[in-house]
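# Topology and contacts: notes
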Amino acid sequence: HLGASFLVVSRRRGASSRTRRLARRVMARSRVVDAPSSTSRGDAPSSTTNASARFVAGCASGAVSRIATQPLEVRRLRVMTGRGSNESTSLRAIYRTEGASALFAGTKASVARHAPAKGLNFLVFGAVKEALRRARAAAGTSTSNAARASDALISGAVAGLSSLALLYPLDSLLVRQATGGPSAATLGLGRGLRKIFRDEGARGLYRGALPAAIAVVPEAAITFGSYDLMRDWYGCVLFRLVAFSSD
């Protein structure tokens, strides 16, 4: 992991006291971020604390990003579904003809869908990766770079599939609200979902889920896997630069 790599660098012959102090700080921070579920230190954060931090931070980032980009999502969905020409679906045209509220149509459903999805992504990703790490440690199998990369890819795929399975019905409602489609376009979140289920059944809530899963699973695996690997790589490179400059 990142902290362990930093410690190796700090122990190289001739490493300055400043480098060693920096390594100790990084190791302490690494234990906070990637702490195992059990620890012998009373003041170290528990796995529950780490899990809740990942979930809350992921939800907050998802909510902010969706609110900020909702007008672009409205325009994208209108163009995708063929509702109007390119000129009539521009942000300026939507604002002029329908008002600012039209630019944020479906915001509640969008936030309700994507905020917990991001939280679940980070929560499940961390939990599955930790479970795989423990399984490898218990079996005494390899913890090489290839094994860590495989764990990260698997964890990312499971994270993406989990959030999709739990929250896809909100996607169905979101598309109807943003495009002004039938059934639930003018209803709120709870009433809209109930109306779709009453009119079309569970199939209506999960229409298009299979193609979405085919796209989401590899995308999530690549995103979270590359994030994990690049985090370690960048941290090691950055620390080496700091270490060599301080020697």
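The paragraphs below set out a description of the structure included in this document. (Residues numbered from 1 in each chain as written. Predicted model: local features only at pLDDT ≥ 70, side-chain atom pairs only at ≥ 80, totals over all residues. Heavy atoms only, no water.)

## Details of the nonpolar core
Applicable threshold: For our purposes a nonpolar core is just a set of buried Ala, Val, Leu, Ile, Met, Phe, Trp, Tyr and Cys residues, chained together by side-chain atoms within 4.5 Å. The rule is simple: take the accessible area with a 1.4 Å probe, protein chains only, and divide by the maximum for that residue type; under 20% is buried, over 50% is exposed, in between is partly exposed. Runs of E in the DSSP output that reach at least two residues are strands. Runs of H or I that reach at least four are helices, and both are numbered from the N terminus. Contact between two residues is taken to exist if any of their heavy atoms lie within 4.5 Å; hydrogens are not considered.
In terms of nonpolar packing, the biggest core is built from 6 residues, these being Val124, Phe125, Val128, Ala159, Ala220 and Phe224. Elements with a minimum of two residues in this core: α6 (107–139) and α9 (209–246). Take this core: its biggest share by element is 3 residues, from α6. In this view, valine 124 contacts Val158, Ala159 and Ser162; residues no more than four positions away in its chain are not counted.

## A look at the environment of alanine 209
Looking at where alanine 209 falls in the secondary structure, it is placed in helix α9. Residues alanine 209 and alanine 165 lie 44 residues apart in sequence; the distance between their C-alpha atoms is 8.2 Å. Leave out the neighbours within four places in its chain, and alanine 209 touches Leu164 and Tyr168.

## Quick word on the environment of alanine 105
As for its position among the elements, alanine 105 is in the loop between α5 (100–103) and α6. For alanine 105, a relative accessible area of 19% puts it in the buried group. For the pair alanine 105 and glutamine 177, spaced 72 residues apart in sequence, the C-alpha to C-alpha distance is 6.2 Å.

## Quick look at the packing of aromatic side chains
We count it as follows: Classification of ring pairs uses Phe, Tyr and Trp, with its six-membered ring standing for Trp, and accepts pairs whose centres are within 6.5 Å; under 30 degrees between planes counts as stacked, over 60 as edge-to-face, and the remaining range as tilted.
Within the structure shown, the criterion is met by 3 aromatic pairs. Residues phenylalanine 122 and phenylalanine 224 carry aromatic rings whose centres are separated by 5.4 Å and whose planes lie at 75° to one another, so their mutual orientation is edge-to-face. Of the two residues, phenylalanine 122 is situated in helix α6 and phenylalanine 224 in helix α9; the sequence distance between them amounts to 102 residues. Measuring from ring centre to ring centre gives 6.1 Å for tyrosine 168 and tyrosine 206, while their planes differ by 20°; the resulting arrangement is stacked. You can see tyrosine 168 sitting in helix α7 (residues 145–179) and its partner tyrosine 206 sitting in the loop between α8 (189–205) and α9, a full 38 residues away along the chain.

Just distances and angles here, no functional claims.
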